[in-house]
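# Structure at a glance
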Amino acid sequence: MTWTALGLVADFRAGRASAAGVAHALLERLDRLAPVIGAVAAVDHGRVIAEAEAADRRLRAGRGRPLEGVPFTVKDWIDVEGWPVSGATGDDPGDPERVPRADATAVARLRAAGGIVVAISSVLAESAAHGITRNPRDVARAPGGSSSGAAALVAAGAPPLALGSDSGGSLRLPAAWCGVATLKPTFGRVPLTGHFPRCGSLEDGRTVIGPLALTVGDLAAVLPVIAGPDGLDAGVVPVPLGDPATVEVTSLRVGVTDGGLDEPVSAVVSTMVKAGATFVPTPVPDVRAEALELTRRYWGRARLSGADNVRLLWDWDRFRRRLLVATAGIDVVIAPATTEPAPLWRESIDTDYLWTIPWSLTGAPVVVVPVGDHDGLPIAVQVIGRPWEDHVALAAARVIEASAPEPIAAHPEI
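The rules behind each value
Residues numbered from 1 in each chain as written. Predicted model: local features only at pLDDT ≥ 70, side-chain atom pairs only at ≥ 80, totals over all residues. Heavy atoms only, no water. Helix = DSSP H or I, 4+ residues; strand = E, 2+ residues; numbered from the N terminus. Rg over C-alpha atoms; globule rule 2.2 N^0.38 Å. Buried < 20%, exposed > 50% of the residue type's maximum accessible area, 1.4 Å probe, protein only. Contact = heavy atoms within 4.5 Å. Areas by Shrake-Rupley, 256 points an atom, 1.4 Å probe, with all protein chains shown as cover. Lys, Arg positive; Asp, Glu negative; His and termini not counted. Charge placed at Lys NZ, Arg CZ, Asp CG, Glu CD. Pairing = 2+ DSSP bridges. Core = buried A, V, L, I, M, F, W, Y, C linked by side-chain atoms within 4.5 Å. Salt bridge = Lys/Arg side-chain N within 4 Å of Asp/Glu carboxyl O. Polar contact = N/O pair within 3.5 Å; in protein donor to acceptor, adjacent residues only side chain to side chain. Axes fitted to C-alpha atoms, helices over the stretch in contact; angles between N-to-C directions. Parallel < 35°, antiparallel > 145°, perpendicular 65-115°, else oblique. Left-handed = near helix turned anticlockwise from the far one by under 90°. Nonpolar A, V, L, I, M, F, W, Y, C, P; charged D, E, K, R; others polar.

## What to know about the overall build of the protein
- Along the protein, the regular secondary structure elements total 12 helices and 13 strands.
- Computed over the C-alpha atoms, the radius of gyration of the protein is 20 Å, within 12% of the 22 Å expected from 2.2 N^0.38 for a compact globule of 414 residues.
- For the protein, the spread of C-alpha atoms along the principal axes amounts to about 55 × 50 × 45 Å.
- When each of the 414 residues of the protein is scored for burial, the buried share is 57%.
- Contacts in the protein between residues far apart in sequence, at least 24 positions, make up 76% of those at least 6 positions apart.
- Accessible surface, the protein: about 15800 Å² in total, of which carbon and sulfur atoms supply 55%.
- In the protein, which carries 38 positive and 47 negative side-chain charges, the distance between the mean positions of the two groups comes to 4 Å.

Structure representation (structure tokens):
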């Protein structure tokens, strides 16, 4: 059975299912999936069942919180109190003995809303600590990185929700290749407190923590829970969060990127126009090559001279300003999420992120929505909003999702 987060909320409240029953089923599924797709860095059966039973007691007493009993996984770069979070990469196993004493802010907020951590998900297609992660749509294919395990487990239906992080596409590429939805919030919307390795807004102007899920509705339900200042991450800005339900689709202006009007994008634009949106015919400039060059310089900034670092920041600022001007008359940009469907299994390379990195450099909110398949592999689009207008991107993504075909089935072994 495949669950959604909001579907479970409704079932738990109506008494059609129990948090403990779902937790048992998911733990069994995780145990069965691990040899097939990997993706699991840590699991604690006893703790999960105890928390699920406590959730059931609160539900029976009428004290259920907004996400009471909803299971989720957390990327092995985001702290969870009492769980091993190693910070492993493809080359470095991290610290296998590291057990955080506090939750990352986003984790703490989800747990305070009733969510239950059921596993730590592995990072990258091959983690030095936790082995290989495979794409559940086709185990011979790549899952995308770096929130690889998070996307793979959601795509495999275990569980319906995950937390990951994204610097240049690390939520969006795995979501697109595995065929699930994700949200890269506006930079500065969700605290990075508890991300490991540590990152801050002055040192890292791209990384965000965000959710992956089977539906856009689940993404929209999670964002208000995890967003907002925590008094610890100085880069979080107290900008009010809008409500996707208040967005009038008929008022939206939809644009595309130059070079990005391929078949899935054109179909999505047609869907938006049929829903009443207005198409803006002048495309946003194709900045993929420039964004990749900037990003490569950013990755190598420790080796740059002081003057070269100053130039990098100036060029980055100019890049952001140019895109703000280019999108001034557009509410959402529809762009491809990837250059191709999931390739045969390999680690991701920088050119896999050509469509995602421009919007990391601008800090704009982006929703990835699966929109069908190509030869049995998922394809997806990015719905890019203006900075701080996450709710607009989510509202448009809901329209697109409603007209998309049913997701393709997982691999027969899943």
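There is more to say, and it comes next.
## Notes on the pairing of strand 6 (residues 161-166)
- Counted residue by residue, strand 6 has six buried out of six residues, so it is predominantly covered.
- Alternating positions in strand 6 separate into two faces, Leu161, Leu163 and Ser165 on one and Ala162, Gly164 and Asp166 on the other, with burial throughout.
- Note that strand 2 (residues 71-75) and strand 6 share two bridges and pair parallel. The residue of strand 6 that forms the bridge with Thr73 is Ala162.

## Points about the nonpolar core
- Ile37, Met272, Ile334, Val367 and Val383 are the most contacted members of the largest nonpolar core, which has 89 residues in total.
- Per-element tally for this core: the top contributor is helix 2 (residues 19-37), with 10 residues.
- Setting aside its immediate chain neighbours within four residues, Ile37 contacts Ile132, Thr133, Arg134, Pro136, Val139, Ala152, Leu153, Ala156 and Ile414.
- Counting 27 residues, the second-largest nonpolar core is a separate cluster that includes Val284, Ala291, Ala342 and Ala364.

## Focus: the environment of Gly168
- Among the secondary structure elements, Gly168 is positioned in the loop between strand 6 and helix 6 (172-178).
- With 190 residues separating them in the primary sequence, Gly168 and Pro358 have C-alpha atoms 8.1 Å apart.
- In contact with Gly168, not counting residues within four places along its chain, are Arg206, Tyr353, Thr356, Ile357 and Ser360.

## What to know about the pairing of strand 8 (residues 208-213)
- Most of strand 8 is tucked away: six of the six residues are buried.
- Relative to strand 8, strand 6 is paired through six bridges, and the arrangement is antiparallel. From the neighbouring strand, Gly164 faces strand 8, where its bridge partner is Gly210.
- Sheet topology note: the strand 7 (residues 181-184)/strand 8 ladder contains two bridges and is antiparallel. Across the sheet, Thr182 pairs through a bridge with Leu212, a residue of strand 8.

## Quick notes on the side chain of Arg137
- The residue Arg137 is located in the loop between strand 5 (131-132) and helix 5 (148-155) in this model.
- Here Arg137 occupies a buried position and makes no salt bridge, while the nearest side chain of opposite charge, Glu406, is found at 9.7 Å.
- Looking at Arg137, its side chain comes within polar contact range of the main-chain oxygen of Cys178, at 2.7 Å.
- A polar atom in the side chain of Arg137 sits 3.1 Å from the backbone oxygen of Gly179.

## With respect to the sheet that holds strand 11 (residues 332-336)
- The sheet built from 11 strands is open, its strands ordered 1-3-2-6-8-7-12-13-11-9-10 with mixed pairing. The outermost strands of the open sheet, each flanked by one partner alone, are strand 1 (40-42) and strand 10 (278-279).
- One ladder, built from two bridges, connects strand 9 (residues 253-256) with strand 10; its direction is parallel. Looking at strand 10, one finds that Val254 is bridged to Phe279.
- Contacts from helix 2 reach strand 1, strand 2 and strand 3 (116-121), with the element oriented near 10° to strand 3.

## Regarding the packing of helix 7 (residues 216-226) against helix 12 (residues 390-403)
- Direction vectors running N to C along helix 7 and helix 12 enclose 160°, while the axes themselves pass 9 Å from each other. Taken together, helix 7 and helix 12 sit at an angle that is classed as roughly antiparallel. Pair helix 7 / helix 12 crosses with left-handed handedness. Residue-level inspection shows Val216, Gly217, Leu219, Ala220 and Leu223 of helix 7 in contact with helix 12, the latter providing Asp390, Leu394, Ala397, Arg398 and Glu401.
- Residues belonging to the contact of helix 7 with helix 12 are distributed by class as follows: six nonpolar, one polar and three charged.

## Description of unusual backbone geometry
- With an omega of -5°, the peptide bond between Ala158 and Pro159 qualifies as cis.
- Tracing the chain through its elements places Pro159 in the loop between helix 5 and strand 6.
- Of note, the bond from Phe196 into Pro197 is cis; its omega dihedral lies within 30 degrees of zero at 10°.
- Looking at where Pro197 falls in the secondary structure, it is placed in the loop between strand 7 and strand 8.
- Of note in the backbone geometry, Leu124 takes a positive phi value of approximately 70° without being a glycine.
- Tracing the backbone shows Leu124 in the loop between strand 3 and strand 4 (126-127).

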